[in-house]
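# Structural characterization, general
One letter stands for each residue in the lines below.
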Amino acid sequence: MLPVDLPDAVREALLAPLVDHHCHGVRRDELSRAQFELLITEGSTPAPPGTTHFDTPVGAAIRRWCAPVLDLEPHAPPAVYLARRAELGAGEVNRRLLEAAGIVAFLVDTGLESPELLSAAEMGRHGGAAADEIVRLEQIEQDVAETAQIAVDYMDSLAEELAARAARAVGLKSIVAYRCGLDFDPARPSRGSVIAAANRRLSDPKQRLTDPILLRHLLWTAVDVARERGLPLQFHTGYGDPDLDLDRADPALMTGFIRSLQPIGVPVILLHCYPYHRQAAYLAAVFPHVYVDVGLALTYTAAGSARVMAELLELVPFHKQMFSSDCYGVAETCHLGALYFRHGLARTLRARLDDGEWNPTDCARIAHMIGSGNARRVYRL
């Protein structure tokens with residue numbers, strides 16, 4: 001279902017299967033209402049007493065668009081929706097919602113792996129799609145730090161483990177925005193500074209990595225691996241949970257690092273970006289190796305997502321934008337990510353057609369590129 005009338009070729013392109021180039025596993029277990037509500041917000045706390053996280057754009061969207069997938073009337077009350085979810089069971093709910101998203105391939109960030117989350121392969125099976133892994137750099141570093149004995153072992157093991165994991169993956173990802181911000185020194189750190197920082201790190205290796213020197217070393221080690229294997233490098237930017245300082249997650253802060261990677265040729269993919277999606281569009285427009293999406297922003301802005309999509313398309317080259325749901329925890333976020341991507345792009349294309357700026361052939365080609373073609377090319381699917 002699309003919200004506007006479009007020529008057949010454009011409609012078919014928008015409804016074609018999508019490549020979800022960045023997502024996470026969803027929960028396999030049964031969820032209480034409190035657990036469910038914490039998975040439909042980027043916040044980390046329950047709603048204030050007397051309120052609910054269903055009273056949000058995404059909460060209303062679940063009741064409107066996910067309820068029919070579970071055989072309920074649109075706008076079913078939260079209690080009715082959750083009762084039906086429990087009645088069907090997590091496996092059936094996941095299957096229905098992931099299939100309804102119309103995904104042909106899931107590229108799964110496995111950095112949040114836990115027994116409660118579906119693996120990449122299970123995401124594919126439940127959704128009737130292919131599935132591949134995106135390796136999270138900071139998770140690999142944590143594993144290495146907890147086993148290395150001395151700084152030189154740490155450096156050697158980090159390079160070896162990244163190379164081994166990359167051999168089974170289609171891309172690498174960093175959450176450096178969460179660890180020290182995107183305004184980091186773009187230069188590759190010296191070996192001496194890395195050894196000194198690694199010695200400090202190994203004195204308390206169970207702590208998460210926040211040292212800017214070691215984070216830069218991790219990124220540059222990943223660049224070397226990505227260049228060798230022809231892999232793209234994803235970065236979380238913009239909107240995220242409270243662990244993030246949003247003002248330090250503006251992708252424009254990475255301009256120096258992005259510029260330094262241009263001669264190397266490693267693709268840089270800026271995830272989510274909102275509310276800095278216009279800055280991200282600029283970076284994609286001026287640097288040949290930069291790509292963007294608006295990811296979870298479409299899910300969480302819900303009915304307002306068409307405006308976000310239109311703002312990104314003010315400047316972004318059509319061969320530089322991709323689709324991702326960034327689903328996590330509950331399959332509703334996958335279904336809504338795909339739905340609002342299609343709705344937002346449909347409204348934008350309709351406006352361009354009405355203005356005579358683009359013709360139906362242009363619109364169909366653009367929809368195919370953004371929905372799947374660009375990701376297939378960049379990730380070599």
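A brief look at the structure comes next. (Residues numbered from 1 in each chain as written. Predicted model: local features only at pLDDT ≥ 70, side-chain atom pairs only at ≥ 80, totals over all residues. Heavy atoms only, no water.)

## A word on unusual backbone geometry
Definition in use: Only DSSP runs of H or I reaching four residues or more are called helices, and only runs of E reaching two or more are called strands; each is numbered from the N terminus.
Following Y274, the chain continues into P275 via a peptide bond in cis, with omega recorded as 5 degrees. Of note, the phi angle at D71 is positive, near 70 degrees, even though the residue is not glycine. Even without a glycine there, the phi angle at C273 is positive, about 70 degrees. Of note, C273 is situated in the loop between β6 (268–272) and α13 (277–286).

## So, the packing of helix α5 (residues 90–100) against helix α6 (residues 120–127)
Spelled out, the test is: Lines fitted to C-alpha atoms define the axes here, with helix axes fitted over just the stretch in contact, and angles between the N-to-C directions of these axes take values from 0 to 180 degrees. By definition in this entry, angles of less than 35 degrees are roughly parallel, angles greater than 145 are roughly antiparallel, angles of 65 to 115 are roughly perpendicular, and the rest are oblique. Every residue pair with non-hydrogen atoms within 4.5 Å of one another is taken to be in contact. Gly is put with the polar residues, along with every residue not named as nonpolar or charged; the nonpolar set is Ala, Val, Leu, Ile, Met, Phe, Trp, Tyr, Cys and Pro, and the charged set is Asp, Glu, Lys and Arg.
At a minimum axis distance of 7 Å, the contact between α5 and α6 shows a crossing angle of 75 degrees. Considered as vectors, α5 and α6 are oriented roughly perpendicular to each other. Residues G91, N94, R95, L98 and E99 of α5 form the contact with α6, whose own contacting residues are M123, H126 and G127. Here the contact of α5 with α6 is composed, by residue class, of two nonpolar, four polar and two charged.

## Remarks on the side chain of T333
Applicable threshold: Each polar contact in these results corresponds to two N or O atoms within 3.5 Å; when the atoms are within protein, one needs to be able to donate a hydrogen and the other to accept it, and residues that are neighboring in sequence are counted only if both atoms are side-chain atoms.
Relative to the elements of secondary structure, T333 occurs in helix α16 (residues 332–355). Here the side chain of T333 touches V330 through a polar contact of 2.7 Å, landing on its backbone oxygen. In this view, T333 contacts L39, T299, Y300, S325, C327 and Y328; residues no more than four positions away in its chain are not counted.

## A look at helix α15 (residues 305–312)
For clarity, the threshold we go by: Summary of the burial criterion: residues with accessible area below 20% of their type's maximum are buried, those above 50% are exposed, and those between are partly exposed, where the area comes from a 1.4 Å probe applied to protein chains only.
The buried count for α15 comes to six of eight residues, which makes it a mostly enclosed element. Looking at α15, one finds that the buried residues are S305, A306, V308, M309, E311 and L312. Contact partners of the buried residues in α15: α13, β7 (290–292), α14 (295–301) and α16.

## A look at the packing of aromatic side chains
Under the convention used in this document: Each pair of aromatic rings taken from Phe, Tyr and Trp, with Trp reduced to its six-membered ring, is defined by centres within 6.5 Å and is described as stacked if the planes are under 30 degrees apart, edge-to-face if over 60, and tilted in the remaining cases. The criterion for a charge sitting over a ring is simple: Lys NZ or Arg CZ within 6 Å of the ring centre, and within 35 degrees of the ring normal.
Within this structure, the stated rule accounts for nine aromatic pairs. Ring geometry for W220 versus F257: centroids 5.6 Å apart, planes at 75 degrees, classification edge-to-face. Of this pair, W220 sits in helix α11 (residues 212–229) while F257 is found in helix α12 (residues 255–261), placing the two residues 37 residues apart along the sequence. On the basis of an interplanar angle of 90 degrees and a centroid distance of 6.4 Å, the ring pair of Y239 and Y274 is categorised as edge-to-face. Here Y239 is found in the loop between β5 (233–237) and α12, whereas its partner Y274 is found in the loop between β6 and α13, with 35 residues between them in sequence. Residue class for Y239 comes out partly exposed when judged on its relative accessible area of 24%. Y274 gets classed as partly exposed once you look at its relative accessible area, which sits at 28%. Clustering of aromatic rings is evident, with ring pairs tying together F184, W220, F235 and F257. Sitting over the face of the ring of W358, R352 holds its NZ or CZ atom 5.1 Å from the ring centroid.

## Here's the deal with the pairing of strand β4 (residues 171–174)
Note the cut-off: Any two strands are treated as partners once DSSP identifies two or more bridges connecting them.
The side-chain alternation of β4 yields two buried faces, one formed by G171 and K173 and the other by L172 and S174. Note: strand β3 (residues 130–136) against β4, three bridges, orientation parallel. Paired with I134 across the two strands is G171, which belongs to β4. Sheet topology note: the β4/β5 ladder contains three bridges and is parallel. From the neighbouring strand, L172 faces β5, where its bridge partner is L233.

## A short note on the sheet that holds β4
The strand order across the open sheet built from seven strands is β1-β2-β3-β4-β5-β6-β7, with neighbouring strands paired in parallel fashion. Of all strands in the sheet, those bounded by a partner on one side alone are β1 (18–23) and β7. Put simply, the sheet's adjacent strands are angled 25 degrees from each other on average, direction ignored. Bridging between β6 and β7 involves three bridges; their strand directions are parallel. Looking across to β7, one finds that V268 is bridged to V290. Along the sheet, α6 makes contact with β1, β2 (103–109) and β3, crossing β2 at roughly 160 degrees. Where helix α17 (residues 360–378) meets the sheet, its contacts fall on β1, β2, β6 and β7, and the angle it forms with β1 comes to roughly 60 degrees.

## Overview of a negative patch on the surface
Applied cut-off: A patch is a set of surface residues, each over 30% in relative accessible area and not in a salt bridge, joined within 9 Å for like charges and within 5 Å for the nonpolar side chains Val, Leu, Ile, Met, Phe, Trp and Tyr. Surface exposure here means Shrake-Rupley accessible area, sampled with a 1.4 Å probe, where a residue is shielded only by the protein chains that are shown. What counts as a salt bridge is simple: a side-chain nitrogen of Lys or Arg found within 4 Å of a carboxyl oxygen of Asp or Glu. We count Lys and Arg on the positive side and Asp and Glu on the negative side, and we leave His and both chain ends out. Where a charge sits is defined by one atom per residue type, namely NZ (Lys), CZ (Arg), CG (Asp) or CD (Glu).
A cluster of acidic residues, D143, D153, D156, E160 and E161, forms a negative patch on the protein surface. Ranked by residues supplied to the negative patch, first place goes to helix α8 (residues 151–166) with four residues. Turning to its location among the elements, D153 is positioned in helix α8. Among the residues examined, D153 registers a relative accessible area of 33% and is labelled partly exposed.

## So, the pattern of salt bridges
What the rule picks out here adds up to 25 salt bridges. E332 is paired through a salt bridge with R85; the nearest N and O atoms lie 2.8 Å apart. Placement of the pair is E332 in helix α16 and R85 in helix α4 (residues 78–88), with a sequence separation of 247 residues. We classify E332 as buried; its relative accessible area is 0%. When its relative accessible area of 9% is taken as the criterion, R85 is described as buried. Salt-bridge contacts for R201 lead to E141; the nearest nitrogen and oxygen are separated by 2.8 Å. Residue R201 is found in helix α10 (residues 191–202), and its partner E141 is found in helix α7 (residues 137–145); the two are separated by 60 residues along the sequence. Residues R201 and E141 agree in their burial class; the two are buried.

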